[in-house]
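Now for the letters of each chain:
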Amino acid sequence: MAKSEFRPTGRITAWTAAVAIATLAFAASPASAPAVPGKFWGVVPQEIPTAEEFQRLKRGGVDSIRIPVLWAGVQPTRNGPLTWSEVDALVGAAATAGIEVLPFLTGAPTWAVPANRRYGSPNFLPVRNGKQRSGWKNFARQAVLRYGPRGSFWAENPGVPTRPIRTWQVWNEQNFMYFVARPNPAEYGKLVKLSHAAIRGVDKGARIVLGGLFSRPGEARLKRRPRLAYFAADFLKELYKRTPGIKGKFHGIALHPYTGTFKRLGPYIEEARSVLKANRDAGKGLWLTELGWSSMPPTKKNSFAKGRGGQKAQLQGAFRLLRKNQRKWRVQRVYWFSVGDAKGACNFCDGSGLFADGFTPKPAWYAFTRFSGGRPN
């Protein structure tokens, strides 16, 4: 395992493509709002924020930040060393600011799994042969050894507050072609089991959360073989059906309920929770690990584009709905996608940020802080 120096500034070179796919006024005051679990309000950056930007996020009430940990970035060559420098930068800056980190383990290197030429994603998940399975397990295990309790990162960086990572997310949008070209619930079940064994083998108190499922990708309606996508509820249903013993291998499910309006969030969440109930697993928590709309001017071709005022309105409506139904839906975390804009990364990434260029706050940031109880400046 390679030693790396923590640097709180910089950019993630391989990340933006990995994470980026995809009107009610707020009247209630924070004092009168229903209580939510601790570390409830989170964000997903598309680039590494600077130390100053991390501090501003913390002042604004951001409790948690969701980051990718790419196997392909950490170990680009077979039998090569694991290099953690880019992950170190995010983990260290977040810990210094007092923000929790939720990592999602994803991104098989091409030496393990061939990449799909059209989508750039792995053709399938790394579970089809011994090389893939052992490589993935080692990657997951080493991640916990670096950032978990008694992790080497904390020992190597005594000036950084020790905030061990105890919750790990397995893959990202595994039901969608841009993150695995041939989605397969049975193969994902195998990956969850491998990950559970690797992570809990190092940290018996660690929690595993399923990768964020894109609620209703349009490609799921296409009659293609192999399938390009699944609706989240259908994928989850098949996961339970085709993976005996899966209930004991994870602690929560995650959704990416992207939609043209927050008013559809309820049905998207309810259909996923109905699968849990049908499998006598309703006690599992729900993590919304990506949620957002764009501040770009509205167009007929992009239902996510709302303009600045519309982005704020969608955030307010969504956050109020989720806060009101937090106990009913067992919502554990909500992560806004994203912190800042990223040009050309996806069909709404250009305007998805709470901040514009120069870390200039948008109206949505001020709305975010009203819910989180933070200060906008």
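Below you will find a few notes about this structure.

### Some details on the overall build of the protein chain
Along the protein chain, the regular secondary structure elements total 12 helices and 11 strands. Its C-alpha atoms give the protein chain a radius of gyration of 19 Å, within 12% of the compact-globule value 21 Å for 377 residues. With the C-alpha coordinates aligned to their principal axes, the bounding extent of the protein chain is approximately 55 × 50 × 40 Å. Split into buried and exposed, the 377 residues of the protein chain put 59% on the buried side. Summed over all atoms, the accessible surface of the protein chain reaches about 15,300 Å², with 50% contributed by carbon and sulfur. Taken together, the 59 basic and 22 acidic charged side chains of the protein chain have centroids lying 7 Å from each other.

### Remarks on the packing of helix α10 (residues 307–324) against helix α12 (residues 363–372)
Geometrically, a packed helix pair is captured by the angle between its two axes and the distance between the axes. Where α10 meets α12, the closest approach of the two axes is 8 Å, and the angle between their N-to-C directions is 20°. Of the possible angle classes, the one that applies to α10 and α12 is roughly parallel. Crossing geometry of α10 relative to α12 is assigned as right-handed. Contacts from Arg308, Gln311, Lys312, Leu315, Gln316, Phe319, Arg320 and Arg323 of α10 reach α12 at Pro363, Ala364, Ala367, Phe368 and Phe371. A class-by-class count of the residues in the contact of α10 with α12 yields 7 nonpolar, 2 polar and 4 charged.

### A few points about the environment of phenylalanine 348
By secondary structure assignment, the location of phenylalanine 348 is in the loop between β9 (331–337) and β10 (355–356). The spacing of phenylalanine 348 and lysine 39 is 309 residues in sequence and 26 Å in space, taken between C-alpha atoms.

### Quick look at the state of the cysteines
Tallied over the entire structure, the rule returns 1 disulfide. Here cysteine 346 connects covalently by a disulfide to cysteine 349, the sulfurs 2.0 Å from one another. Given an S-S torsion of about 105°, the disulfide between cysteine 346 and cysteine 349 has right-handed geometry. Across this residue pair, the class does not change: cysteine 346 and cysteine 349 are buried.

### Observations regarding the pattern of salt bridges
Oppositely charged side chains are able to pair whenever their charged atoms sit close together. Following the criterion strictly, the structure yields 12 salt bridges and no others. Here arginine 146 and aspartate 88 are joined by a salt bridge, their closest N and O atoms 2.9 Å apart. Of this pair, arginine 146 sits in helix α5 (residues 130–147) while aspartate 88 is found in helix α4 (residues 85–97), placing the two residues 58 residues apart along the sequence. Per residue, the accessibility class of arginine 146 equals that of aspartate 88, and both read buried. The partner of arginine 166 in a salt bridge is aspartate 203, with the nearest N and O atoms 2.6 Å apart. One end of the pair, arginine 166, is in the loop between α6 (152–156) and β4 (167–170); the other, aspartate 203, is in the loop between α7 (185–202) and β5 (207–210), with 37 residues separating them in the sequence. Assessed through its relative accessible area of 37%, arginine 166 is described here as partly exposed. Aspartate 203 gets classed as buried once you look at its relative accessible area, which sits at 6%. Linked by salt bridges that have partners in common, Asp88, Arg146 and Glu156 make up one network.

### A word on α10
Counted at 1.5 Å a residue, the expected span for α10 with its 18 residues is 26 Å, and the 26 Å between its end C-alpha atoms agrees. On the buried face of α10, the contacting elements are β1 (41–44), α9 (265–278), β8 (285–291), α11 (326–329), β9 and α12.

### Some details on the pairing of β8
Among the 7 residues of β8, 7 are classified as buried, and the element is accordingly described as predominantly covered. Handedness of the strand β7 (residues 252–256)-α9-β8 crossover: right-handed. In this sheet, β9 lies alongside β8 in parallel orientation, the contact comprising 4 bridges. Across the sheet, the residue bridging to leucine 288 is valine 334, located in β9.

What counts, and at which threshold
- Residues numbered from 1 in each chain as written.
- Predicted model: local features only at pLDDT ≥ 70, side-chain atom pairs only at ≥ 80, totals over all residues.
- Heavy atoms only, no water.
- Helix = DSSP H or I, 4+ residues; strand = E, 2+ residues; numbered from the N terminus.
- Rg over C-alpha atoms; globule rule 2.2 N^0.38 Å.
- Buried < 20%, exposed > 50% of the residue type's maximum accessible area, 1.4 Å probe, protein only.
- Areas by Shrake-Rupley, 256 points an atom, 1.4 Å probe, with all protein chains shown as cover.
- Lys, Arg positive; Asp, Glu negative; His and termini not counted.
- Charge placed at Lys NZ, Arg CZ, Asp CG, Glu CD.
- Axes fitted to C-alpha atoms, helices over the stretch in contact; angles between N-to-C directions.
- Parallel < 35°, antiparallel > 145°, perpendicular 65-115°, else oblique.
- Left-handed = near helix turned anticlockwise from the far one by under 90°.
- Contact = heavy atoms within 4.5 Å.
- Nonpolar A, V, L, I, M, F, W, Y, C, P; charged D, E, K, R; others polar.
- Disulfide = S-S within 2.5 Å.
- Salt bridge = Lys/Arg side-chain N within 4 Å of Asp/Glu carboxyl O.
- Expected span 1.5 Å × (residues − 1).
- Right-handed = clockwise from strand over helix to strand, strands pointing away.
- Pairing = 2+ DSSP bridges.

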